[in-house]
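What follows is the residue order along each chain.
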Amino acid sequence: MPGVPPASFGYFGPEGTFTHQALLTLPAAKTGEAIPFATVGACLDAVRAGEVTAGLVPIENSVEGGVSATLDNLTYGDPLLITREVLLPVQFCLFARRGTRLADVRRVLTHPHAAAQTRSWLSAHLPQAEITEAGSTAGAAAEVADPGSSYDAAVCARIAGELYRLDPLAVDIADNADAVTRFVLVSRPGPVPPPTGADKTTLVLFIRVDQSGALLEILEQLASRGVNLCRIESRPTKTTLGSYCFSVDAEGHIDDARLGEALMGLHRVCADVIFLGSYPRADGLEPNILPGTSNAAYADAAAWLARLRHPQA
Ligand SMILES: O=C(O)C(=O)Cc1ccccc1
């Protein structure tokens, strides 16, 4: 009898990226096949095409902020659903081919977020070097490992440098030693994972009319129901200069009464609301439920209104 086909997980690769490390922390990924993709877009398209069961991509960094490639693809591409998040502390090293000395390094290759997070170290220790931004940190390590490469060194994770058989020139070179990157596991639209009591909901909000108070009106829908935000950033709608939508992570689950009420309010006041998923928070932090905003308080209010409307029932 044919069994359930094993899950396969796409990730922003190649092997040795921070995304790959984040994937390996997921228990489900230990039994499934891990398939690398060279870009966030290629990984998400493979999920849409059903070539992989789910895909893991970076979405936010504690130092650099949002990952535009991911935020924009999830907003403007065909619908996908975030079902999990993973947090990974990131540390960076400088790796080169055997025999290269720090003083020899003229050209460095790395991912834009890695370049941004090691900027001070690089300008202090390699002030003359040209820094080029590549697809990924592990891709940069693979390129530097090629003896014919015009690049001398890569900024990447220690495991990437070791995997591609490079030598470390410097370790732990991040400007901020406590940097954390957040990744999301994305599937084709389907059932939303059940609430855990410590959940996050990701939305994209488009204002209806460009006028004073438009953002305030959006925030009021959330604040008045006791929904706290853990991320809000504006992204261009790509139509005209100065036109923005808001990418938002709210505390709570779509099944929570206060979040459901807030979503209905947003649906009424926004030109468009994209629901990208409700999923367990990786840090397990439970929301501070303000008085009058619990599921029980909303159920009690609904029952009270029903009695007012139908006193005889
Ligand atoms: O290039 C990588 O290794 C990635 O997974 C993207 C990334 C880059 C820098 C910090 C965190 C994630």
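Bear in mind that the values here come from a model prediction, so they are computed numbers and not experimental data.

A. Region of interest: the domain arrangement of the protein chain. Split into domains, the protein chain comes out as domain 1 (1–89 + 182–189), domain 2 (92–170) and domain 3 (191–301). For domain 1 versus domain 3, the distance between C-alpha centres works out to 23 Å. The partner domain 3 presents 26 residues to the 17 residues of domain 1 that form the contact. At the boundary of domain 1 with domain 3, total buried surface from both sides reaches about 1,700 Å², with 57% on carbon and sulfur atoms. At the surface where domain 1 touches domain 3, the tally comes to four salt bridges. For the pair domain 1 and domain 3, the interface holds nine residue pairs in polar contact (both at pLDDT 80 or more). For the side of domain 1 that touches domain 3, the secondary structure elements donating two or more residues are helix 3 (68–76) and strand 5 (81–89). Looking at which element gives the most residues to the side of domain 1 that touches domain 3, the answer is strand 5, with seven residues. Along the lines of polarity and charge, the residues of the side of domain 1 that touches domain 3 split into eight nonpolar, four polar and five charged.

B. Highlighting the UniProt feature "domain: ACT" (unreviewed entry) in the protein chain. If you check UniProt for "domain: ACT" (unreviewed entry), the listed places come out as residues 203–281 in our numbering. The straight-line gap between the two end C-alpha atoms of residues 203–281 is 15 Å; of that span, 29% is helix and 41% is strand.

C. Spatial organisation of the packing of aromatic side chains. For the structure on display, the rule yields two aromatic pairs. Considering the side-chain rings of Phe 18 and Phe 92, the 5.2 Å spacing of their centres and the 75° angle between planes classify their relative orientation as edge-to-face. Within this pair, whereas Phe 18 is found in helix 1 (residues 18–24), its partner Phe 92 is found in the loop between strand 5 and strand 6 (93–96), the two being separated by 74 residues in sequence. Ring geometry for Tyr 76 and Phe 206: centres 6.5 Å apart, planes at 70°, overall edge-to-face. In this pair, Tyr 76 is assigned in helix 3 and Phe 206 in strand 12 (residues 199–207), connecting sequence segments 130 residues apart. Using a relative accessible area of 36% as the deciding quantity, one classes Tyr 76 as partly exposed. For the cation-ring pair, Arg 107 lies above Tyr 151, with the distance from its terminal atom to the ring centre recorded as 4.4 Å.

D. Structural view of unusual backbone geometry. With an omega of 10°, the peptide bond between Gly 13 and Pro 14 qualifies as cis. Relative to the helices and strands, Pro 14 resides in the loop between strand 1 (8–12) and helix 1. The phi dihedral of Asp 172 is positive, around 50°, even though this residue is not glycine. Position of Asp 172 relative to the elements: it lies in the loop between strand 10 (167–170) and strand 11 (180–187). Phi at Lys 238 takes a positive value of approximately 70°, unusual for a residue other than glycine. By secondary structure assignment, the location of Lys 238 is in the loop between strand 13 (229–236) and strand 14 (244–251). You can call Lys 238 exposed: its relative accessible area is 53%.

E. Quick peek at helix 6 (residues 137–145). Taken together, the buried positions of helix 6 are occupied by Thr 137, Ala 138, Ala 140, Ala 141 and Val 144. Down the axis of helix 6, the sector holding all buried residues measures 155°, keeping them to one side. Check the buried side of helix 6 and you find it contacts helix 1, strand 6, strand 7 (107–110), helix 4 (112–117), strand 9 (153–156) and helix 7 (158–163).

F. Representation of the UniProt feature "site: Essential for prephenate dehydratase activity" (unreviewed entry) in the protein chain in the model. Those places that UniProt annotates as "site: Essential for prephenate dehydratase activity" (unreviewed entry) correspond, in this numbering, to Thr 181. Secondary-structure assignment places Thr 181 in strand 11. Here Thr 181 is in contact with Pro 58, Glu 60, Asn 61, Val 86, Leu 87, Leu 88 and Val 90, once residues within four sequence places are set aside. Here the side chain of Thr 181 touches Asn 61 through a polar contact of 2.5 Å, side chain to side chain.

Rules of the game
- Residues numbered from 1 in each chain as written.
- Predicted model: local features only at pLDDT ≥ 70, side-chain atom pairs only at ≥ 80, totals over all residues.
- Heavy atoms only, no water.
- Domains from an automatic or database assignment.
- Contact = heavy atoms within 4.5 Å.
- Buried area = accessible area lost by both parts, 1.4 Å probe.
- Salt bridge = Lys/Arg side-chain N within 4 Å of Asp/Glu carboxyl O.
- Polar contact = N/O pair within 3.5 Å; in protein donor to acceptor, adjacent residues only side chain to side chain.
- Helix = DSSP H or I, 4+ residues; strand = E, 2+ residues; numbered from the N terminus.
- Nonpolar A, V, L, I, M, F, W, Y, C, P; charged D, E, K, R; others polar.
- UniProt positions renumbered as here; feature names shortened; annotations may be inferred.
- Phe/Tyr/Trp six-rings, centres within 6.5 Å; stacked < 30°, edge-to-face > 60°.
- Buried < 20%, exposed > 50% of the residue type's maximum accessible area, 1.4 Å probe, protein only.
- Lys NZ or Arg CZ within 6 Å of the ring centre and 35° of its normal.
- Arc of directions from axis to C-beta.

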